[in-house]
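Residue-level structural notes
One-letter residues, chain by chain:
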Amino acid sequence: MNTATPASQLANSIAAPSADNDRSFRNTYLIAPSVAVLLVWISVPTIMTFWFSFQHYNLVNTAGREFVGLDNYIYFFSSSSLAIAAFNSVLIVVGVVVLTIGIGIGLVLLLDIEFPGSSFARVLAISPFFIMPTVAALIWKNLLLDPVNGLFTTILRAVGLPGVDWFGVFPLMSIITIIAWQWVGFSVLILLTALQSLDRELKEAAAMDGAGSFAIFRFIILPHLARPIGIVVMIETIFLLSVFAEIFVTTSGGPGLASTNLSFLIYVQALLRFDVGLASAGGVISIILANVVAYFLAKAVSRSLEI
Amino acid sequence: MQELSSEWEQKTGNSINWLVLEENVLRQRVTTDISTNGGQFDIITIGSYEAPIWGKNDWLTPVDDLSADYDYNDIFETVRKGLSVDGKLYALPFYAESSMTYYRKDLFEKAGITMPDQPTYDQIAEYASKVHDPDNQIYGLCLRGKPGSGENIVPIMTSVNTHGGKWFDMNWKPQLDSGPWHKAVTLYVDLLNKYGPPGVTSNGYNETRALFASGKCGMWIDATVAAGYLFDPAESKVASSVGFTSAPIADVPNGAALQWAWALAIPKSSTKADIAKGFIAWATSKEYIRSVGEKKGWIAIPPGTRQSTYDLKEYQDAAPFANFVKTAILSADPTKPSVDPVPYMGITYASIPEYQSIGTEVGQQIAAAVAGQQTVDAALAAGQAFTLRTMEQSGYTKK
Amino acid sequence: MSSRPLFSVGINFIVGWGAVLLLVFPIIWMLLTSFKTEIDAISPEASLIFQPTLDNYRAVLGRSNYWMFALNSVGISAAATFLALLIGFPAAYSMAFHPTERTKGTLLWLLSTKMMPPVGVLVPIYILFKDMSLIDTHLGLILLFLVANLPIVVWMLYSFFKDIPRDILEAARIDGAGLWEEFRFILLPLSGPAISSTALLSIILCWNEAFWSINLSTTKAATLAAFIATYSAPQGLFWAKLSAAAVLAVAPVLIMGWVGQRHLVRGLTFGAVK
């Protein structure tokens, strides 16, 4: 479970010679509660999941559990659905992260400036994130994207274009749009809080020195946002790898496997098929994959994190 | 039921906490609890699919020993059989449904068509082509297209059955590569591509009902329970023009119309089985059905379970489709879904635990064919391979 | 604030509000739909001109005990967030200001605990909760939401703390301030916006969590996410009633966000210390 992080790559730049008790208290015991709580949480279910993944264990089949070795893993690796689902998972993450960061930065630049009602507008911009995933998916699917009665169809028809079957023709893109809409609120929340802590005088001084808006953006704002962007990327990646509700509500993973990600693949095993053994194997596989992704991601953003 | 149950609470002094969930969520919630012996529920709502499987698993308390004045024989036999296993009744039906063809009388009149009492699939195809008018957002035929064992498989299976097909033969060998499947699925894909609404692969029952209610469909073949909504002017734009007839048949009459019941059952893990029995006896009784009619209007009574419901003059007056539904339910026999004998029960499902994942997979494959991502042949071949492997793994057929 | 030309403010106003309204349009549309009849809801032609009705709200409020769900959501989200801040704050402080060679590994490990796909571990968790009698209890959900959000809370606080110059704390320490004084008089005042953004984020995440609250609660501890789950009922999907239920489920957290906005904007003054 532990993320593999070689100690060698740790940037260790602390000049901390004093080895008194106070210091070790500050850098060890203060972390202990967090680590302890999560250790308990993570280890027990993970060990159980790992254990179940080697068993034939179906909730609805009461015939009994038996040890089947690697059968469940073989099942996953012998079907092409695992690779497709893993690829879709990554596509969703990349698509949503790019969209939310791009749109997020644009919005934040607009909202950082004072204008009448700007503080209210800021809160509104965060509000898509307040909508529960199921609700967001239902609104988009029925009220907006429905190819017959949806609002977008009405607008398209008004200008003489036919309605589009969004979830049939562009299943993954439609889902990415819905998720990105929700998570733009998150990137606005993080980036705005960070941008507002940027010294306004610094910007004004630069402007007085004759720096153009682009130069201010490129050399003052963007570097300042580097760490918050890193945070957005990390946190979104973690959450989006296990996106589920939006797919469940809209396409059920289809047509075919076009919009099935790893979570949905596991859902089918766990809660349609009630095959705990297979679902556990899928869970173990996706934990490993997620850690691989996180490892490379951490490498990529570690510069901006300055850890 | 929730509103009226306060009567029962007052009468008996027991109180009920309700948990209402969407179908899939309900199934996962209840299955998780009951299989881990969680004991969270005293009464559960289950469908025709679960009742025999769970009964066999010894998860449910049999309910054939209620008080002497509970009228079992009044419950339709086909419905009772669907909820029993090895002759023991494990759940009491709350309402039951079959399927029928809904159509728009106004559109049919304009096109000069008279809908027969028993249409065939050929006729349905012909009518669909005549009323199909996509420029005015009228689509000839709407069907469920969203992949899922309880979604697109429903219209597909009724068609497969009436084309003479089945899920498995008596040796549990999957039959998806057989002629009837091929004919039925080709027809389904063709009809939807030619006369179906756009985006049909994301339409489940709910979405399709909304489509028909908003006047976008010429015909719709689906559950009888939708009639109550389509005839209600507060919910439906087409309340005055909706007509109905039997679900279409092709080669054989078996399994052309679905049968499904929602029923109340008591988990073995319940510690209050006696009180629970009292409640479900009340909630599925003749007297309860009558009191719903008196308090909530006769059209709203839970249909399809009891002969006495259809003897109520008030219901016959309020619901023009009442007798029709009764006939459909009586003629749909879940123990004989196909013209050939089969080892399972169920018209749109097969009463084995593995069916959920088989139905989901086959539904996905066919949806991909409707979306044009693969041919019908490829979809059925993939479905057959998956089903075969699942059955082998579960030990039904030898490797 | 320098005096900007009036028309530039005007352009900011139009562009800023234009972008925001476009973004929140789906929410506005949901709000409108909640006041329509079911028939108007499925006819987009009747989009803006319709006879508003409160029937949907009446139906939704009449059917289930909305206030119980709302109270559970507020209580559970608040408690889980408070606990997460309580444990997470010292951890983030320690890692930001007193990093060791283990810090990066610990941070990544914290996040990696979030990678278990919930659908894959439902059965083990359910069995555990059953054995500890935690199913359908507030405590059970609070604990679950605590562990789900703790990594996020630590990460958020950590990243904000990184912006606080270390010398301020060190100066205080040289002046003889203990850990408590350091927290109380230096870190807390400096990290007001950080704490409110983090708390808001954590509350939202708890609020929106549907999978666990549906699967681990029955009637006593169910949150608004479970309340919503009852509105795509098997007998049919009703756009207008669903919209009304969604508005009711989202309203409390939206209001909380609006009230909390002052704290978010406080970030303006926070920058000055740098």
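Residues numbered from 1 in each chain as written. Chains lettered and ligands numbered in written order. Predicted model: local features only at pLDDT ≥ 70, side-chain atom pairs only at ≥ 80, totals over all residues.

What about the overall build of chain B?
Each helix and strand in chain B was counted, giving 17 helices and eight strands. The C-alpha atoms of chain B give 21 Å as radius of gyration, which agrees with the globular expectation for 399 residues (21 Å, within 12%). The proportion of buried residues among the 399 residues of chain B is 55%. Pairs at least 24 residues apart make up 72% of the contacts formed inside chain B by residues separated by at least 6 positions. (Helix = DSSP H or I, 4+ residues; strand = E, 2+ residues; numbered from the N terminus. Rg over C-alpha atoms; globule rule 2.2 N^0.38 Å. Buried ≥ 20, exposed ≤ 12 C-beta atoms within 10 Å, placed from the backbone. Contact = placed C-beta atoms within 7 Å.)

A look at the overall build of chain C
Secondary structure assignment for chain C yields 14 helices and zero strands. For chain C, the N- to C-terminal ordering of α and β elements is α-α-α-α-α-α-α-α-α-α-α-α-α-α. The 274 residues of chain C split such that 53% are buried. When contacts within chain C are restricted to residue pairs at least 6 apart in sequence, those whose partners lie at least 24 apart make up 80%.

A look at the interface of chain C and chain A
Taken together, the 90 residues of chain C in the interface contact 98 residues of chain A. When residues of the side of chain C that touches chain A are assigned to their parent elements, the largest contribution, 15 residues, is made by helix α1 (residues 6-33) of chain C. Its residues placed into classes, the side of chain C that touches chain A shows 61 nonpolar, 22 polar and seven charged. (Nonpolar A, V, L, I, M, F, W, Y, C, P; charged D, E, K, R; others polar.)

So, helix α5 (residues 103-112) of chain C
Most of α5 of chain C sits out of view: 10 of its 10 residues are buried. Along α5 of chain C, the residues that are buried comprise Thr103, Lys104, Gly105, Thr106, Leu107, Leu108, Trp109, Leu110, Leu111 and Ser112 of chain C.

Here's the deal with the interface of chain A and chain B
Taken together, the contacts link 24 residues of chain A with 28 residues of chain B. In terms of residues, the side of chain A that touches chain B owes the most to one element, helix α13 (residues 262-272) of chain A, which gives three residues. Tallied by class, the residues present in the side of chain A that touches chain B amount to 10 nonpolar, 12 polar and two charged.

Some details on the packing of α5 of chain C against helix α7 (residues 138-161) of chain C
All names here are of chain C. The contact between α5 and α7 brings their axes to 8 Å, and the two run at 140°. What the angle tells us is that α5 and α7 run oblique. In this structure, α5 crosses over α7, and the sense of that crossing is left-handed. Contacts between α5 and α7 involve Leu107, Leu110 and Leu111 on the former and, on the latter, Pro151, Val154, Trp155 and Tyr158. (Axes fitted to C-alpha atoms, helices over the stretch in contact; angles between N-to-C directions. Parallel < 35°, antiparallel > 145°, perpendicular 65-115°, else oblique. Left-handed = near helix turned anticlockwise from the far one by under 90°.)

Some details on the environment of phenylalanine 264 of chain A
Residues and elements named next belong to chain A. With respect to the helices, strands and loops of the structure, phenylalanine 264 is situated in helix α13. For phenylalanine 264, a count of 25 C-beta atoms within 10 Å corresponds to the buried category. Excluding anything up to four places from it in sequence, phenylalanine 264 contacts Phe244, Ile247 and Gly253.

Some thoughts on the pairing of strand β6 (residues 217-223) of chain B
Residues and elements named next belong to chain B. Burial runs high along β6: seven of the seven residues are buried. The sheet contact formed by strand β4 (residues 92-104) and β6 spans five bridges and is antiparallel. Pairing of serine 99 across the sheet is with alanine 223, part of β6. (Pairing = 2+ DSSP bridges.)

Remarks on the environment of isoleucine 247 of chain A
Position of isoleucine 247 of chain A relative to the elements: it lies in helix α12 (residues 245-250). For the pair isoleucine 247 of chain A and proline 133 of chain A, spaced 114 residues apart in sequence, the C-alpha to C-alpha distance is 10.0 Å.

So, unusual backbone geometry
One non-glycine residue, aspartate 58 of chain B, lies in positive phi territory at about 65°. As for its position among the elements, aspartate 58 of chain B is in the loop between α3 (50-56) and α4 (77-82).

Details of the confidence of the model for chain C
Residues and elements named next belong to chain C. Chain-level statistics for chain C give a pLDDT mean of 79 and a share of 87% at 70 or above. Here helix α14 (residues 267-270) is the element of chain C with the lowest mean pLDDT, 36, and helix α4 (residues 66-97) is the one with the highest, 90. For this predicted complex, the interface score ipTM comes out at 0.81, alongside a pTM of 0.82. (pLDDT = per-residue confidence, 0-100.)

Brief notes about the domain arrangement of chain B
Residue and element names in this part refer to chain B. Split into domains, chain B comes out as domain 1 (5-96 + 258-331) and domain 2 (99-257 + 346-393). Relative to domain 2, the C-alpha centre of domain 1 lies at a distance of 27 Å. With 13 residues of domain 1 at the contact, the number on the domain 2 side is 18 residues. Broken down by secondary-structure element, the contributors of at least two residues to the side of domain 1 that touches domain 2 are α3 and α15 (322-331). Its residues assigned to classes, the side of domain 1 that touches domain 2 shows 10 nonpolar, two polar and one charged. (Domains from an automatic or database assignment.)

Overview of the packing of helix α2 (residues 32-52) of chain A against helix α6 (residues 118-131) of chain C
Across the interface, α2 of chain A lies against α6 of chain C with an axial gap of 9 Å and an inter-helix angle of 120°. It follows from the interaxial angle that α2 of chain A and α6 of chain C lie oblique. Two packed elements cross with a definite hand, and for α2 of chain A against α6 of chain C that hand is right-handed. Listed contacts from α6 of chain C to Val44, Pro45, Met48 and Thr49 of chain A of α2 of chain A are Gly120, Val121, Pro124, Ile125 and Leu128 of chain C. When grouped by side-chain class, the residues that make up the contact of α2 of chain A with α6 of chain C number seven nonpolar, two polar and no charged.

Some points on helix α9 (residues 171-196) of chain A
Along an α-helix, residues three or four positions apart point the same way, because every turn accommodates 3.6 residues. Residues and elements named next belong to chain A. Between the first and last C-alpha of α9 there are 37 Å, a value that for 26 residues agrees with the 38 Å anticipated at 1.5 Å per step. Approximately 30° is the largest bend angle found in α9, and it occurs at glutamine 182. Burial analysis of α9 places 23 of its 26 residues in the buried class, which makes it a mostly covered element. (Expected span 1.5 Å × (residues − 1). Bend = angle between axes of the 7 residues up to and from the residue.)

Considering the environment of lysine 36 of chain C
All names here are of chain C. Along the chain, lysine 36 falls in the loop between α1 and α2 (38-41). For the pair lysine 36 and asparagine 215, spaced 179 residues apart in sequence, the C-alpha separation works out to 32 Å. Those residues in contact with lysine 36, other than ones at most four positions away along the chain, are Ala41, Phe50 and Ala240.

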